[in-house]
Amino acid sequence: MLCGAAVRSVIGMAQVEALQTSDASRQAELEQVRRDAQREVNALAARLAELQAQANRLNALGSRLTRSGQLQDGEFDFAKPVGQGGGGASRDMPVTELRARLAALEGEYRQASTQMTVLESLLFNQQLERSSLPSREPIAGSFVTSGFGGRADPFGGGFQFHKGIDFQANIGDPVLAVADGVVSFAGVRSGYGNTIEVDHGNGLVTRYAHNSQLDRQVGDLVRAGQDIAKAGSSGRSTGAHVHFEVWQDGVVVNPRKFLGHNNALARHGPQNG
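## Here's the deal with the pattern of salt bridges
At step 1: For the structure on display, the rule yields 5 salt bridges.
At step 2: Two residues, Lys-230 and Asp-215, come together in a salt bridge whose shortest N-O distance is 2.6 Å. On the criterion of sequence distance, the pair formed by Lys-230 in strand 10 (residues 227–231) and Asp-215 in the loop between strand 8 (204–214) and strand 9 (221–222) is long-range, its members being 15 residues apart.

What follows is the structure, encoded as structure tokens:
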């Protein structure tokens, strides 16, 4: 009997040890599964972070394009949350499906980024072109006193062809560049007095005459709206004003071609004379 009990005890202990070994093995397997799952989650989190960075870049680019393109708010409000909805029961998403969806989303982001970058380049080129057109006033808050074309000569009477537009000004008023460009002449021209000219590219040059002072030199880069001279009455002039001309491909043209919607021209000034 004692021998049988001893045998049963040995067998029982062996079974306990086997169970403990099996439990330890399962625990190790579970720990390995947990580590593998965590690595999977970390990998997905890294891809999610990349997608979030791309989304932030697209949002910033979209907002910049909205401002530069002067688009209205609404569907172009990139700060507004996107509404979503749907019906039906949800289910667990397999990791393989999640990976596939993330890959598809990455592809869509890359395509959207390429398209928006091209659009930004187009808008930037358009902005540069607009900035180089002489479409602003050479004197702030002024009005036209003499238009382009035929008029009575203010000095000797008779007919005279006026090559530009005269804007009312007081001596010392800032004369403003009407567009971006480079100063191509700064000095005295016969009849024009103290004159400054700005080359805007594409064959366009603007001339500002009868100034009392020139504030820029040849070669200076100027931006639209920047001071380039001070108004005066130098040269062949009956009083303080700014004589403004536009030359296109070496031929003087009516500034109204560019300033036709300008407030000063809309308020005052005949078409000719």
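## Some thoughts on the layout of surface pockets
At step 1: In this structure, the largest pocket encloses a volume near 390 Å³.
At step 2: Lining the largest pocket we find 22 residues, and of these Arg-151, His-162, His-210, Arg-236 and His-243 sit closest to its centre.
At step 3: Elements supplying a minimum of two residues to the lining of the largest pocket: strand 1 (144–146), strand 3 (159–162) and strand 11 (241–248).

## Describing the pairing of strand 7 (residues 193–201)
At step 1: When strand 6 (residues 181–189) meets strand 7, the two strands line up antiparallel, connected through 7 bridges. The residue of strand 7 that forms the bridge with Arg-189 is Gly-193.
At step 2: Linking two consecutive strands that pair antiparallel, namely strand 6 and strand 7, is a turn of 3 residues; a positive phi of about 85° is found at Gly-191 within it.
At step 3: Examined bridge by bridge, strand 7 and strand 8 share 6 bridges and lie antiparallel to one another. Bridging across to strand 8, Ile-196 finds its partner in Tyr-208.
At step 4: Connecting strand 7 to the next strand, strand 8, in antiparallel fashion are 2 residues, including Asn-202 with a positive phi near 55°.

## Notes on the confidence of the model for the protein chain
At step 1: The predicted model of the protein chain has a mean per-residue pLDDT of 76, with 62% of residues at 70 or higher.
At step 2: Below pLDDT 50 for its whole length, residues 261–273 participates in 32 contacts with residues either more than four positions away or in separate chains.

Each value, and the rule that gives it
- Residues numbered from 1 in each chain as written.
- Predicted model: local features only at pLDDT ≥ 70, side-chain atom pairs only at ≥ 80, totals over all residues.
- Heavy atoms only, no water.
- Salt bridge = Lys/Arg side-chain N within 4 Å of Asp/Glu carboxyl O.
- Helix = DSSP H or I, 4+ residues; strand = E, 2+ residues; numbered from the N terminus.
- 1 Å grid on protein atoms, 1.4 Å probe; cavity = no way out; pocket = protein on both sides within 12 Å on 5 of 7 lines; lining within 4 Å.
- Points joined across faces, edges and corners; volume = space filled by probe spheres on them.
- Pairing = 2+ DSSP bridges.
- pLDDT = per-residue confidence, 0-100.
- Contact = heavy atoms within 4.5 Å.

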